[in-house]
Amino acid sequence: VSDYWGVDRRNEIVSWLQHPVILQHIHRRVSGDPAVSTYEYWRRRFFPAPARRCLSLGCGFGAFERAMIQIGMAASFEAHDISEGAIAQARKDADAAGLGSVIDYRVTDLNDFTLKTASYDAIFAISSVHHVFEIEKFL
């Protein structure tokens, strides 16, 4: 599993969600405006100030965390993924973006993960929780 998710496919079209027409449709459904992304809508609606400490579960190559900090939705992240390769690249990309000091990427199997009580201002699991075997126990 770690090896599979560690292959960098960011420059390949591997999902229908990468098509600009589909993205515009999703943006319109979420924000009401095809030019306002889901993430920007979340920032405007739920985060008038950056969340101080965020948790990301199943972060992959870390693009979400970097984007959230760059648009002012989050101040820092603790981010977890099962793939050593994805985490290694996420760390490199965070360092290159000058964000290495505010994003703590960790290799973690979410099937063996326990959340710390009252430790985060916001928790995100973008396209990942459905991979947890005992989802009810996890949540």
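Residues numbered from 1 in each chain as written. Predicted model: local features only at pLDDT ≥ 70, side-chain atom pairs only at ≥ 80, totals over all residues. Heavy atoms only, no water.

Chemist: Can you walk me through the environment of Glu40 in this structure?
Modeler: Structurally, the position occupied by Glu40 is in helix H3 (residues 38-46). A C-alpha to C-alpha distance of 16 Å links Glu40 and Cys54, two positions 14 residues apart in sequence. (Helix = DSSP H or I, 4+ residues; strand = E, 2+ residues; numbered from the N terminus.)

Chemist: How should the packing of aromatic side chains be read in this particular structure?
Modeler: A ring pair, where both rings are aromatic, is described by two values, the distance of the centres and the angle of the planes. Counting across every chain of the model gives 7 aromatic pairs. With a centroid separation of 6.0 Å and an interplanar angle of 75°, the aromatic rings of Phe64 and Phe77 are classed as edge-to-face. Highlighted residues: Phe64 in helix H4 (residues 63-70) and Phe77 in strand E2 (residues 77-81), separated in sequence by 13 residues. The buried category is assigned to Phe64, whose relative accessible area is 8%. In textbook terms, an aromatic cluster arises when at least three aromatic residues are bridged by ring pairs, as seen for Tyr39, Trp42, Phe47, Phe64, Phe77 and Phe124. (Phe/Tyr/Trp six-rings, centres within 6.5 Å; stacked < 30°, edge-to-face > 60°. Buried < 20%, exposed > 50% of the residue type's maximum accessible area, 1.4 Å probe, protein only.)

Chemist: Please clarify how the pairing of E2 should be interpreted in this entry.
Modeler: On any regular strand, side chains alternate: one points to one face of the sheet, the next to the other face. In terms of residue burial, E2 counts as a mostly covered element, since 5 of its 5 residues are buried. Burial along E2 is two-sided: the face carrying Phe77, Ala79 and Asp81 and the face carrying Glu78 and His80 are both buried. Viewed along the sheet, the connection from strand E1 (residues 54-57) through H4 into E2 turns out right-handed. When E2 meets strand E3 (residues 103-107), the two strands line up parallel, connected through 5 bridges. For Glu78, the partnering residue across the bridge sits in E3 and is Asp104. A crossover connection joins E2 to the parallel E3 through helix H5 (residues 84-96); in handedness this β-α-β unit is right-handed. (Right-handed = clockwise from strand over helix to strand, strands pointing away. Pairing = 2+ DSSP bridges.)

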